[in-house]
Amino acid sequence: YENYPGLRFHILKANEINERYYKDYPEFRIRFQPNFTWSDDDLYISGIGIRATNSMINIKKEARAEILKAYGLNLEHDINASVPRMTASLNAGRWIDESEDMYKLIYAVLEPAGECSNEMREAIKKLHMRAYFDSGDKSVGHHTWLSMNQDNIDRDDVCDTMKAFRAAIIEAEGGKLYGSDIFYVESCVYLMTLYDLVTSGHRVWQVYDCFYATGEEDQELFDFMISNGVKRNFEDFLSVWWKV
């Protein structure tokens with residue numbers, strides 16, 4: 001609680017949502033508690049993960065259509081490039097609007113004079129989480145090499161490429177990465193956005209950085225509501241709860 005000063009407040013908000021708005025929808029109930037990873041010898045805690053989840057959070061995207069129909073969830077907004085955007089926003093001290101393409105910013109560091117194709121953008125998107133959450137420059141290349149088809153592929157090339165890629169991520173996102181703590185920040189910001197939605201009469205299924213909701217709004221207005229709400233809640237979190 002000392003290291004995550006906003007945790008207690010946001011746990012109470014999650015409990016309020018569960019008790020007042022998800023009483024009849026236990027499948028949507030928010031679980032927001034730390035998960036502790038112990039060392040192999042069980043002598044110390046080697047990691048702490050804090051991320052809001054619910055029992056339906058791992059349903060694959062292609063299977064969600066039936067759920068949306070069953071609950072009448074007619075509106076959807078997915079925060080674009082959530083992890084890099086949240087990271088860049090923390091480093092900048094302000095919310096980076098969704099109109100800014102984070103993956104193209106990373107490519108611009110790698111190839112300042114190049115044009116980022118759709119294929120290259122997708123490649124950066126797919127590799128981003130691996131490079132972001134790996135433990136360092138040396139390990140990210142090695143782990144990538146181990147996970148891929150190695151036929152006619154030079155290991156040193158993979159390691160050099162991933163090292164440069166990780167460096168580009170750090171530069172494009174403002175100079176500092178936050179590891180799994182970024183999920184704590186996301187959870188707090190998106191939890192308060194969820195709170196705003198349910199208290200204004202929407203039924204909402206939140207899947208990490210995606211909001212599915214009922215509502216009379218058209219999609220354009222809903223997009224504005226979520227984007228504006230996330231910006232406001234991020235700035236509130238930054239000013240009240242963020243401890244560097």
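Everything discussed here concerns the structure shown above.
One structure accompanies this document, and this report is about it. Since we're looking at a predicted model, the values are computed, not measured.

**Some thoughts on the overall build of the protein**
Turning to step 1, where the next piece is worked out: A count of helices and strands for the protein gives nine helices and five strands.
Turning to step 2, where the next piece is worked out: Ordered by position from the N terminus, the helices and strands of the protein form the series α-β-β-α-β-α-α-α-α-α-α-β-β-α.
Turning to step 3, where the next piece is worked out: On C-alpha atoms alone, the protein measures out to a radius of gyration of 19 Å, which is about the 18 Å that the 2.2 N^0.38 rule sets for 244 residues.
Turning to step 4, where the next piece is worked out: Across its three principal axes, the protein shows a C-alpha extent of roughly 55 × 50 × 35 Å.
Turning to step 5, where the next piece is worked out: The buried share of the protein, reckoned over its 244 residues, is 43%.
Turning to step 6, where the next piece is worked out: If you take every contact in the protein between residues at least 6 apart in sequence, the share linking residues at least 24 apart comes to 64%.
Turning to step 7, where the next piece is worked out: Of the roughly 13,500 Å² of accessible surface on the protein, 49% is carried by carbon and sulfur atoms.
Turning to step 8, where the next piece is worked out: If the 27 positive side-chain charges of the protein are averaged to one point and the 40 negative ones to another, these points end up 4 Å apart.

**Some thoughts on the layout of surface pockets**
Left-over empty space is what a probe sized like a water molecule reveals as it rolls over the atoms.
Turning to step 1, where the next piece is worked out: The space that makes up the largest pocket amounts to roughly 520 Å³.
Turning to step 2, where the next piece is worked out: Lining the largest pocket are 20 residues; nearest its centre among them are D78, I79, S82, K125 and D209.
Turning to step 3, where the next piece is worked out: Elements that contribute at least two residues to the lining of the largest pocket include exactly α3 (82-92), α5 (118-133) and α8 (181-199).
Turning to step 4, where the next piece is worked out: In terms of residue class, the lining of the largest pocket is made up of ten nonpolar, three polar and seven charged.

**Focus: the nonpolar core**
Nonpolar side chains in soluble globular proteins tend to end up buried together.
Turning to step 1, where the next piece is worked out: F32, Y184, L194 and W205 are the most contacted members of the largest nonpolar core, which has 69 residues in total.
Turning to step 2, where the next piece is worked out: Residue contributions to this core peak at 13 residues, all from α8.

**Here's the deal with the sheet that holds strand β3 (residues 75-78)**
Turning to step 1, where the next piece is worked out: With respect to topology, three strands assemble into an open sheet ordered β3-β5-β4, the strand pairing being antiparallel. The sheet is open, and its two borders are formed by β3 and β4 (204-207), each paired with just one other strand. In this sheet, adjacent strand axes meet at a mean angle of 10° when their direction is disregarded.
Turning to step 2, where the next piece is worked out: Of the pairings in the sheet, the one linking β4 to strand β5 (residues 210-213) comprises four bridges and is antiparallel in character. Bridged to Q206 within β5 is F211.
Turning to step 3, where the next piece is worked out: Against the sheet, helix α2 (residues 64-71) engages β4 and β5, with an angle of about 160° to β4.

**What to know about the pattern of salt bridges**
Turning to step 1, where the next piece is worked out: Following the criterion strictly, the structure yields eight salt bridges and no others.
Turning to step 2, where the next piece is worked out: Among the salt bridges present, the one from R51 reaches E186, with a minimum N-O distance of 3.9 Å. With R51 in the loop between β2 (45-49) and α2 and E186 in helix α8, this pair connects stretches of sequence that are 135 residues apart.
Turning to step 3, where the next piece is worked out: E186 sits in the buried class, given a relative accessible area of 4%.
Turning to step 4, where the next piece is worked out: For the salt bridge of D196 with R232, the shortest nitrogen-to-oxygen distance reads 2.9 Å. Remark: R232 occurs in helix α9 (residues 219-240) and D196 occurs in helix α8; sequence separation between them is 36 residues.
Turning to step 5, where the next piece is worked out: Look at D196 and you get partly exposed, because its relative accessible area is 26%.
Turning to step 6, where the next piece is worked out: It is possible to trace a salt-bridge network through shared partners that takes in K13, E16 and R20.

Rules used throughout
Residues numbered from 1 in each chain as written. Predicted model: local features only at pLDDT ≥ 70, side-chain atom pairs only at ≥ 80, totals over all residues. Heavy atoms only, no water. Helix = DSSP H or I, 4+ residues; strand = E, 2+ residues; numbered from the N terminus. Rg over C-alpha atoms; globule rule 2.2 N^0.38 Å. Buried < 20%, exposed > 50% of the residue type's maximum accessible area, 1.4 Å probe, protein only. Contact = heavy atoms within 4.5 Å. Areas by Shrake-Rupley, 256 points an atom, 1.4 Å probe, with all protein chains shown as cover. Lys, Arg positive; Asp, Glu negative; His and termini not counted. Charge placed at Lys NZ, Arg CZ, Asp CG, Glu CD. 1 Å grid on protein atoms, 1.4 Å probe; cavity = no way out; pocket = protein on both sides within 12 Å on 5 of 7 lines; lining within 4 Å. Points joined across faces, edges and corners; volume = space filled by probe spheres on them. Nonpolar A, V, L, I, M, F, W, Y, C, P; charged D, E, K, R; others polar. Core = buried A, V, L, I, M, F, W, Y, C linked by side-chain atoms within 4.5 Å. Pairing = 2+ DSSP bridges. Axes fitted to C-alpha atoms, helices over the stretch in contact; angles between N-to-C directions. Salt bridge = Lys/Arg side-chain N within 4 Å of Asp/Glu carboxyl O.

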